[in-house]
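Listed here are the chains, written in short residue letters.
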Amino acid sequence: MRPSTSRALAAAALVAAAALALSVDGVGATPETTCAAVAARDQRVDYGFCVPRLSHHHDSPDADTWGLAKVAADVGVATAGDAVYDIKTLLATKPPGDAQARAALEQCQRLYDAAESAFAEAYDAINRRDYAAGKGKAAQAASLARRCDDAFARAALRPPPQVARWGEESAKIAVVCTAITDLID
């Protein structure tokens, strides 16, 4: 067997094992198997992002698939909250003369506050097994984070690196949350 064929077969076996592990009410779900299953179903899922973000959460060791969907939403809450913190720090250190940058940062702070709430609502919806609402709130949170980038684009400015990072991470965790919820929906 050629090396590329054996790698492809090994990857297919991993995906099949993950799908099998997740098929019985989430029994055997781990961040690794769940992320492999969702990455196989949705090419927007970044496996290399998914596993460490879910694995570092305190609830993930005991979580089934449903629990990991809630973990993903909770990671989104923390991500948006970290963005708000960084933006507040930037606003506190930004010279008052840079009005366009300040206005964009202030808008981003409001948007990430709203994104944090949307991720929290996604968590609550998934917790009460209203999966459509949970996925909708995760998508709303990602949209709010993207609007921060738009605020800087309208001002013809680049967002500070840490603000750009939070936008990317918010979008990725929203995709992960939605994809995991799709496994149980």
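Residues numbered from 1 in each chain as written. Predicted model: local features only at pLDDT ≥ 70, side-chain atom pairs only at ≥ 80, totals over all residues. Heavy atoms only, no water.

The protein chain is annotated in an unreviewed UniProt entry as Pectinesterase inhibitor domain-containing protein from Miscanthus lutarioriparius.

(A) Highlighting the pattern of salt bridges. Tallied over the full model, the rule gives nine salt bridges. With a shortest N-O distance of 3.2 Å, Arg165 and Glu169 are connected by a salt bridge. Within this pair, Arg165 and its partner Glu169 are both found in helix H7 (residues 161-184), separated by four residues, close to a single helical turn. Of the residues examined, Arg165 reaches a relative accessible area of 40% and is grouped as partly exposed. The class of Glu169 is buried, set by a relative accessible area of 11%. Note that Lys172 is salt-bridged to Glu168, the shortest N-O span being 3.3 Å. Within this pair, Lys172 and its partner Glu168 are both found in helix H7, separated by four residues, close to a single helical turn. What makes Lys172 partly exposed here is its relative accessible area of 26%. (Salt bridge = Lys/Arg side-chain N within 4 Å of Asp/Glu carboxyl O. Helix = DSSP H or I, 4+ residues; strand = E, 2+ residues; numbered from the N terminus. Buried < 20%, exposed > 50% of the residue type's maximum accessible area, 1.4 Å probe, protein only.)

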